[in-house]
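Listed below, chain by chain, are the residues.
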Amino acid sequence: MEAMVLIGGFLYIAVVGYVVIDRLGRFLDKGGISPYWDEEEEHLAQMKKTEPVDADFLELPDIPEQSKDCNTSKSGIK
């Protein structure tokens, strides 16, 4: 009985392996995943590398006058 389970397991693994390898073979025959970009994508990638960093995001925003006065107490309570 144990031999039948073992043989069945091996047959199952063989069938699943065959199906997986068959699908992988068909995928690779169609070209698979191309490791190369076309020229336009390569040019765009080079342009992004050479663009200067936008320094606007490094500047602090202007603080309105009202928020500057928040720390001073006008009520006269000390």
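Residues numbered from 1 in each chain as written. Predicted model: local features only at pLDDT ≥ 70, side-chain atom pairs only at ≥ 80, totals over all residues. Heavy atoms only, no water.

Here we take up the overall build of the protein. The number of helices and strands found in the protein is 3 helices and 0 strands. Going from N to C terminus, the protein has its helices and strands arranged as α-α-α. The buried share of the protein, taken over its 78 residues, is 1%. Accessible area of the protein: about 8,300 Å², with a carbon and sulfur share of 63%. (Helix = DSSP H or I, 4+ residues; strand = E, 2+ residues; numbered from the N terminus. Buried < 20%, exposed > 50% of the residue type's maximum accessible area, 1.4 Å probe, protein only. Areas by Shrake-Rupley, 256 points an atom, 1.4 Å probe, with all protein chains shown as cover.)

Okay, the pattern of salt bridges next. Inspection of every chain in the model, using the stated rule, returns 1 salt bridge. The salt bridge partner of Asp22 is Arg26, with a shortest N-O separation of 3.4 Å. Remark: Arg26 and Asp22 occur in helix 1 (residues 2–29); sequence separation between them is 4 residues, near one turn of the helix. By relative accessible area, Asp22 is classed as partly exposed at 36%. Looking at Arg26, the relative accessible area reads 46%, which means it is partly exposed. (Salt bridge = Lys/Arg side-chain N within 4 Å of Asp/Glu carboxyl O.)

Taken together, the side chains of Asp38, Glu39, Glu40 and Glu41 present a region of like negative charge at the surface. Within the element layout of this structure, Asp38 appears in the loop between helix 1 and helix 2 (39–50). For Asp38, a relative accessible area of 43% corresponds to the partly exposed category. (Patch = residues over 30% accessible without salt bridge, like charges linked within 9 Å, V, L, I, M, F, W, Y side chains within 5 Å. Lys, Arg positive; Asp, Glu negative; His and termini not counted. Charge placed at Lys NZ, Arg CZ, Asp CG, Glu CD.)

This part is about helix 1. Because each turn of an α-helix spans 3.6 residues, side chains separated by three or four positions in sequence point in the same direction. In this model helix 1 runs 40 Å from its N-terminal to its C-terminal C-alpha over 28 residues, within 8% of the 40 Å that 1.5 Å per residue would give. Where helix 1 terminates, the next one or two residues include Gly31, which has phi positive at roughly 120°. (Expected span 1.5 Å × (residues − 1).)

Let's shift gears to a nonpolar patch on the surface. On the surface, Tyr12, Ile13, Val16, Val20, Ile21, Leu24, Phe27, Leu28 and Ile33 cluster together into a nonpolar patch covering about 960 Å² of accessible area. Take Val20: it is sitting in helix 1.

On average, the protein scores 76 in pLDDT, and the residues at 70 or more come to 56%. When pLDDT is averaged over each helix and strand of the protein, the minimum, 58, is found for helix 3 (residues 65–68) and the maximum, 96, for helix 1. (pLDDT = per-residue confidence, 0-100.)

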